[in-house]
Amino acid sequence: MKLDSAGLEILSGGECLNLLASAPIGRIVFTDRALPAVQPVNFCLLDGNIVIRTAPGSKLAAAARNAVVAFEADDFDATFRTGWSVTAVGHARAVSEPEEIARLSALPLTPWVPGSHDHFIVMAPEQISGRRLSR
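Parameters at a glance
- Residues numbered from 1 in each chain as written.
- Predicted model: local features only at pLDDT ≥ 70, side-chain atom pairs only at ≥ 80, totals over all residues.
- Heavy atoms only, no water.
- Helix = DSSP H or I, 4+ residues; strand = E, 2+ residues; numbered from the N terminus.
- Buried < 20%, exposed > 50% of the residue type's maximum accessible area, 1.4 Å probe, protein only.
- Contact = heavy atoms within 4.5 Å.
- Areas by Shrake-Rupley, 256 points an atom, 1.4 Å probe, with all protein chains shown as cover.
- Lys, Arg positive; Asp, Glu negative; His and termini not counted.
- Charge placed at Lys NZ, Arg CZ, Asp CG, Glu CD.
- Pairing = 2+ DSSP bridges.

A. Just the overall build of the protein, in detail. Assigned secondary structure in the protein consists of three helices and seven strands. Overall, the protein shows an N-to-C arrangement of helices and strands of β-α-β-β-β-α-β-β-α-β. When its C-alpha atoms are laid out on the principal axes, the protein stretches across 45 × 35 × 25 Å. Per-residue burial for the protein yields a buried fraction of 35% across its 135 residues. A separation threshold of at least 6 residues defines the contact pool for the protein, and within that pool the share at least 24 residues apart is 66%. For the protein, the exposed surface amounts to about 7,900 Å²; the carbon and sulfur share of it is 56%. Averaging the positions of the 12 positive and the 14 negative side-chain charges in the protein gives two centres separated by 5 Å.

B. Representation of the pairing of strand β6 (residues 82–94) in the model. One ladder, built from eleven bridges, connects strand β5 (residues 67–77) with β6; its direction is antiparallel. Residue Asp77 lies in a different strand from β6, and its bridge partner there is Thr82. Hairpin connection from β5 to β6: four residues lie between these consecutive antiparallel strands, with Arg81 at a positive phi of about 55°. Here β6 runs beside strand β7 (residues 119–133); their pairing, made up of twelve bridges, is antiparallel. Across the sheet, residue Ala92 finds its bridge partner in β7, namely Met123.

C. A look at the pairing of strand β2 (residues 25–32). Burial of the side chains of β2 is restricted to one face: Gly26, Ile28, Phe30 and Asp32 are buried, whereas none of Ile25, Arg27, Val29 and Thr31 on the reverse face is. Direction of pairing for β2 relative to strand β3 (residues 35–46): antiparallel, over a ladder of eight bridges. When the sheet's bridge partners are listed, Ile28 is paired in β3 with Gln39. Hairpin connection between β2 and β3: a loop of two residues separates the two successive antiparallel strands, and Arg33 in this loop has a positive phi of roughly 55°. Where β2 meets β5, three bridges bridge the pair, whose relative direction is antiparallel. From the neighbouring strand, Ile28 faces β5, where its bridge partner is Phe71.

Dropping the structure here:
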């Protein structure tokens, strides 16, 4: 087991993807009017890519088109002081091909807020890292 300078376990890329797949909520970091913005989102993993479903006119939909974004998900148990955090960085793209939209629409990715959410963003992680705190 590799540890970082703070004593946290360094996770492999495969472990990072497995943990991401288990998380119901993540946070996407993007640029909004030249400033960093963070938005919580529900997501799915598909073929190692992060898939987000959003409204077509949302800030996220506009900001994440072919842009470099960061994504983070985590899980912590405050009582036992254990948990993990995974961060990914990569290019996000808006999905426009009808066949891919149909495929992504079949994912178990249900929006939590009302309204039309027929826009998909796919982020291909180019860098992924994670840490785990255990007792």
